[in-house]
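Survey of secondary and tertiary structure
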Amino acid sequence: EMGGLKTAMICRESNLIAKIPSTSQYRISYGSDDEVVNEASKFISENMDFSAFFVQLDAALNIGLEQGFDPRRADYLKSIQKYDEQVGVIFSAVASRANFIDENWMIVVTTNHGGQPDGTIGKDSRLETTPFIIFSGDNVRNRQFLLDILTAEKGKDNAIFLRPGLTEYIKINK
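Fair warning: this is a prediction, and the values are worked out from it, not measured in the lab.

From N to C terminus, the chain includes five helices and five strands. Along the chain direction, N to C, the helices and strands of the chain fall in the order β-α-β-α-β-α-α-β-α-β. Of all 174 residues assigned to the chain, the portion counted as buried reaches 29%. Long-range contacts, defined here as pairs at least 24 residues apart, represent 53% of the contacts in the chain between residues at least 6 apart. Roughly 11,200 Å² of accessible area belongs to the chain as shown, and the carbon and sulfur atoms make up 53% of that amount.

Ile10, Phe43 and Ile44 are the most contacted members of the largest nonpolar core, which totals 13 residues. For this core, the secondary-structure elements that each account for two or more residues are β1 (7-11), α2 (33-46) and α4 (74-95). Top element by residues in this core is α2. It accounts for five residues. Setting aside its immediate chain neighbours within four residues, isoleucine 44 contacts Phe53, Ile90, Ala93, Val94, Arg97 and Trp105.

Another aspect to go through is the packing of aromatic side chains. A full pass over the atoms with the stated rule returns six aromatic pairs. Consider the rings of phenylalanine 53 and tryptophan 105, whose centres lie 5.9 Å apart with planes at 15°: the pair is stacked. In this pair, phenylalanine 53 sits in strand β3 (residues 52-55) while tryptophan 105 sits in the loop between α4 and β4 (107-110), placing the two residues 52 residues apart along the sequence. These aromatic residues form a ring-pair network of at least three members: Tyr26, Phe43, Phe50, Phe53 and Trp105.

Turning our eyes to something else, we now look at the packing of helix α3 (residues 59-67) against α4. The geometry of α3 relative to α4 is characterised by a closest axis approach of 9 Å and an angle of 175° between their N-to-C directions. For the element pair α3 / α4, the angle class is roughly antiparallel. Residues Ala59, Ala60, Leu61, Ile63, Gly64 and Gln67 of α3 lie in contact with α4, whose contacting residues are Asp75, Tyr76, Ser79 and Tyr83. Tallied by class, the residues present in the contact of α3 with α4 amount to six nonpolar, three polar and one charged.

Once that is clear, we can look at the sheet that holds β3. Spatially, the three strands line up as an open sheet ordered β2-β1-β3, and their pairing is parallel. A single partner strand is all that each edge strand has here, and the edge strands are β2 (26-29) and β3. Pairwise comparison of adjacent strand axes, ignoring direction, gives a mean angle of 5° for this sheet. Summarising the sheet, β1 and β2 pair through four bridges and their orientation is parallel. When the bridges of β2 are listed, methionine 9 appears paired with arginine 27.

Of all residues in the chain, 78% have pLDDT values of 70 or greater, and the mean over the chain is 77. Put simply, strand β5 (residues 133-136) is where the chain has its lowest mean pLDDT, 73, and α2 is where it has its highest, 95. Confidence drops under pLDDT 50 across residues 143-150; counting only partners more than four residues distant or on other chains, this segment forms 15 contacts. Throughout residues 156-174 the model reports pLDDT below 50, and contacts reaching past four residues in sequence, or to other chains, amount to 29 contacts.

What describes two packed helices is the angle between their axes and the distance between those same axes. Following both chains from N to C, one finds α2 and α4 inclined at 15°, their axes separated by 8 Å at the closest point. Between α2 and α4, the crossing angle belongs to the class labelled roughly parallel. The way α2 lies across α4 gives a crossing that is right-handed. In this structure, α2 uses Asp33, Asp34, Val37, Ser41, Ile44 and Ser45 to contact α4, whose residues at the interface are Lys82, Tyr83, Gln86, Val89, Ile90, Ala93 and Val94.

Procedures and definitions
- Residues numbered from 1 in each chain as written.
- Predicted model: local features only at pLDDT ≥ 70, side-chain atom pairs only at ≥ 80, totals over all residues.
- Heavy atoms only, no water.
- Helix = DSSP H or I, 4+ residues; strand = E, 2+ residues; numbered from the N terminus.
- Buried < 20%, exposed > 50% of the residue type's maximum accessible area, 1.4 Å probe, protein only.
- Contact = heavy atoms within 4.5 Å.
- Areas by Shrake-Rupley, 256 points an atom, 1.4 Å probe, with all protein chains shown as cover.
- Core = buried A, V, L, I, M, F, W, Y, C linked by side-chain atoms within 4.5 Å.
- Phe/Tyr/Trp six-rings, centres within 6.5 Å; stacked < 30°, edge-to-face > 60°.
- Axes fitted to C-alpha atoms, helices over the stretch in contact; angles between N-to-C directions.
- Parallel < 35°, antiparallel > 145°, perpendicular 65-115°, else oblique.
- Nonpolar A, V, L, I, M, F, W, Y, C, P; charged D, E, K, R; others polar.
- Pairing = 2+ DSSP bridges.
- pLDDT = per-residue confidence, 0-100.
- Left-handed = near helix turned anticlockwise from the far one by under 90°.

In C-alpha cells:
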C-alpha cells in the first residue's frame, strides 16, 4: 500500500515487477502490450477500491532497439502511434469507472530513457537522458511540473518522485 492506498502494477516486462520495490496488492505481467492494455483497462474499470495504477508498455523500445529510435523509420513511428491509441484505451477505462465523476485522477505518461537513431542506448546524450513527462488531471497546475532537464546519473537507477510539497496540488481519493 502507498499511504493506505491500494495499488496495482500491470507490466509487459516480468523482470520489471521484480526490480521495482512495491507493496502493490496486484502485480502481473503479460507477453504483449495489447494484453497489458486489455488487462489494465479491465482492472481499472472494475476495481473501485484501487487508487493508483502503474502500467508499463515496451513495444516501441523493442522496435527502437531493432531498427533505431528514429521517427523517420516507419515501424518506430507506428509503434509510437500505437502507444497513443493504447493510452487512449486506458483513458477510456478510467472514464468508464462507476465513480469517475466523484474521483480526481492524475495521469502521468513518461519514458525512462530515449535512444539513438542507430538503435543503441546507454550513452549520455541528450536524446537518451531527457525523458518526456505528460501530466493530465483537473488539479494539475502545469507550472508546478515544468523542469528544464531531468538529468540522468550514469551508473545509477534513475527515478522521478513527486516532491512532498506538490501534494497540495494533487488530490488522491482514498
